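# Summary of the model geometry
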Amino acid sequence: FAIRNFVGANIITPDDELETFVREMADAPPMDKATQRKPPELEPQEDENDGSGSNGGDESPLKVQPPEPPKVGMPRQKAQPPVKTPQANAGSDRSGG
């Protein structure tokens with residue numbers, strides 16, 4: 001996943017040498033250029049709202065709710081651990097060794 005992050009951040013540019021290296025490390029077969037597919041290019045989405053207050057339709061604008069604050073406090077555990085008397089075979093090794 002580190003290579004994907006580096007490529008996504010434009011830190012490294014993938015080339016044939018990197019492709020070969022990653023395939024060798026992943027024990028994947030060599031690339032077949034005849035069946036190779038390119039991922040679709042992502043285009044930045046333009047803001048359709050022109051600031052006039054109207055979004056061009058009868059749909060209401062999407063409102064994002066802020067995240068809820070985390071619940072803090074004592075750990076969720078019982079006040080006292082369950083304590084039982086040991087069973088008859090507790091502490092005896094009968095493995096034969």
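Keep in mind the model is a prediction, meaning the values are calculated, not measured.

When helices and strands are counted, the protein chain shows 2 helices and 0 strands. In the protein chain, which comprises 97 residues, the proportion classed as buried is 1%. A total accessible area of about 10,800 Å² is found for the protein chain, and carbon and sulfur atoms account for 53% of it.

With phi around 60 degrees, Asn10 is a residue other than glycine that occupies positive phi space. With a relative accessible area of 69%, Asn10 lands in the exposed category. Positive phi outside glycine occurs at Asp27, with the angle close to 55 degrees. Its place among the elements puts Asp27 in the segment after helix H2 (16-25). Taking the relative accessible area as the measure of exposure, Asp27 reaches 73% and is therefore exposed.

To continue, consider a nonpolar patch on the surface. A surface patch of nonpolar side chains, amounting to about 360 Å² of accessible area, comprises Ile3, Phe21, Val22 and Met25. Top element by residues in the nonpolar patch is H2. It accounts for 3 residues. For Ile3, the location among the structural elements is in helix H1 (residues 2-8). According to the relative accessible area criterion, Ile3 is partly exposed, its value standing at 32%.

Looking now at the pattern of salt bridges. The full count for this structure, using the stated rule, is 2 salt bridges. One salt bridge in this structure joins Lys33 and Asp16, with 3.9 Å as the shortest N-O distance. You can see Lys33 sitting in the segment after H2 and its partner Asp16 sitting in helix H2, a full 17 residues away along the chain. The exposure class of Lys33 is exposed, given its relative accessible area of 55%.

The rules we used
Residues numbered from 1 in each chain as written. Predicted model: local features only at pLDDT ≥ 70, side-chain atom pairs only at ≥ 80, totals over all residues. Heavy atoms only, no water. Helix = DSSP H or I, 4+ residues; strand = E, 2+ residues; numbered from the N terminus. Buried < 20%, exposed > 50% of the residue type's maximum accessible area, 1.4 Å probe, protein only. Areas by Shrake-Rupley, 256 points an atom, 1.4 Å probe, with all protein chains shown as cover. Patch = residues over 30% accessible without salt bridge, like charges linked within 9 Å, V, L, I, M, F, W, Y side chains within 5 Å. Salt bridge = Lys/Arg side-chain N within 4 Å of Asp/Glu carboxyl O.

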